[in-house]
Amino acid sequence: MLVVEDDRKMAAAMRRGLQAAGLVVDVTSSGADAPWMVDAVEYQAIVLDVMLPEIDGFELCRRLRNTGVNVPIIMVTARDAVEDRIAGLDVGADDYLVKPFSLAELLARLRALHRRGPQHKGALLEVGSLKLDPATRRVWRNEVEIKLSGKEFALLEAFMSRPGAVLGYQTLLDAGWDMGYEHRSNVVEVYVRYLREKIDRPFGLATLETVRGFGYRLRDNGDE
């Protein structure tokens, strides 16, 4: 999912909580960046702040809907006037949360939206013989269960959510570590190596590839 929120502390808290619930989360503080991110990634939900720099949440929501984006959108804002809620719903938002709100309520509303629309998809991710279940946090290849640490699971979920796509270092850091983490080491390379040792090498495969200068990708052509 995508979180569009310019308050860094709020964005970091939402990302940590959503990741703890088993979701893959991208975050941007810029409303201007959201459209190309939505074009690049098939998100299942968007949490959209109203008060954003460059373009506010109302206008961003309107533009997304006008370009055919039908991903569920929850707007969040400190503005609790009825007129603001109506404005958000009228431009295409599916739901509206007033700050401060609890993470439990946000998760419940996301679950409700996910059940409601035609964009609902099964939770199980499959790429070739590799399967990942976000609900139970289990991974298999050829019916052999693979035990992963929390960060290994988060990175693999990011790869399996976007098979064939090249994921850069910052995207992978965002998937496995919170916003306060300072990238001062080769931590991404280390964890990619851990993943290869668990999901590929025991099975004689090399599906997790390095794209030099850009990042890594999980091949989308199965186990070939």
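These figures come from a predicted structure and were not determined experimentally.

(A) Broad picture of the sheet that holds strand 4 (residues 73–77). Across the sheet, which stays open at both edges, the five strands sit in the order 2-1-3-4-5 with parallel pairing between neighbours. Here the strands that pair on one side only, and so sit at the sheet edges, are strand 2 (26–28) and strand 5 (95–98). Across the sheet, the axes of successive neighbouring strands diverge by a mean angle of 20°, strand direction being ignored. Pairing analysis gives three bridges linking strand 1 (residues 2–4) to strand 3 (residues 46–49), with the strands arranged parallel. What sits directly across from Val3, in strand 3, is Val47.

(B) Representation of the sheet that holds strand 9 (residues 144–146) in the model. Taken together, the four strands give an open sheet; going across it, the order is 6-7-8-9, and neighbouring strands pair in antiparallel fashion. The sheet is open, and its two edges are formed by strand 6 (125–127) and strand 9, each paired on a single side. In this sheet, adjacent strand axes meet at a mean angle of 25° when their direction is disregarded. Pairing of strand 7 (residues 130–133) with strand 8 (residues 138–141) involves four bridges; the strand directions are antiparallel. By the bridge assignment, Leu130 is partnered in strand 8 with Arg141.

(C) Looking closely at the packing of helix 7 (residues 169–176) against helix 8 (residues 187–199). At a minimum axis separation of 10 Å, helix 7 and helix 8 run at an interaxial angle of 75°. With respect to their mutual orientation, helix 7 and helix 8 come out roughly perpendicular. Within the contact between the two elements, helix 7 uses Tyr169, Leu172 and Leu173 and helix 8 uses Val187, Val188 and Glu189. A class-by-class count of the residues in the contact of helix 7 with helix 8 yields five nonpolar, no polar and one charged.

(D) Looking closely at the pairing of strand 8. Taken together, the three bridges between strand 8 and strand 9 define a ladder with antiparallel strand orientation. In the sheet register, Val139 faces strand 9, and the bridge partner there is Ile146.

(E) Here's a closer look at the nonpolar core. Leu130, Leu156, Phe159 and Met160 are the most contacted members of the largest nonpolar core, which totals 27 residues. When residues of this core are traced back to their parent elements, those giving at least two are strand 6, strand 7, helix 6 (150–161), helix 7, helix 8 and strand 11 (215–218). Looking at which element gives the most residues to this core, the answer is helix 8, with seven residues. Beyond its immediate stretch of four places on either side in the chain, Phe159 contacts Leu167, Leu172, Leu195, Leu208, Tyr216, Arg217 and Leu218. In terms of nonpolar packing, the next biggest core, distinct from the first, is built from 23 residues, Ile46, Leu52, Ile55 and Cys61 among them.

(F) Highlighting the packing of aromatic side chains. This structure, assessed with the given rule, holds two aromatic pairs. Considering the side-chain rings of Tyr169 and Tyr216, the 5.9 Å spacing of their centres and the 80° angle between planes classify their relative orientation as edge-to-face. Taken together, the residues Tyr169 in helix 7 and Tyr216 in strand 11 connect sequence positions 47 residues apart. Judged by relative accessible area, which is 29%, Tyr169 ranks as partly exposed. A relative accessible area of 5% means that Tyr216 is categorised as buried. The lysine or arginine in question, Arg141, covers the ring of Phe203, its NZ or CZ lying 5.8 Å from the ring centre.

Each value, and the rule that gives it
- Residues numbered from 1 in each chain as written.
- Predicted model: local features only at pLDDT ≥ 70, side-chain atom pairs only at ≥ 80, totals over all residues.
- Heavy atoms only, no water.
- Pairing = 2+ DSSP bridges.
- Helix = DSSP H or I, 4+ residues; strand = E, 2+ residues; numbered from the N terminus.
- Axes fitted to C-alpha atoms, helices over the stretch in contact; angles between N-to-C directions.
- Parallel < 35°, antiparallel > 145°, perpendicular 65-115°, else oblique.
- Contact = heavy atoms within 4.5 Å.
- Nonpolar A, V, L, I, M, F, W, Y, C, P; charged D, E, K, R; others polar.
- Core = buried A, V, L, I, M, F, W, Y, C linked by side-chain atoms within 4.5 Å.
- Buried < 20%, exposed > 50% of the residue type's maximum accessible area, 1.4 Å probe, protein only.
- Phe/Tyr/Trp six-rings, centres within 6.5 Å; stacked < 30°, edge-to-face > 60°.
- Lys NZ or Arg CZ within 6 Å of the ring centre and 35° of its normal.

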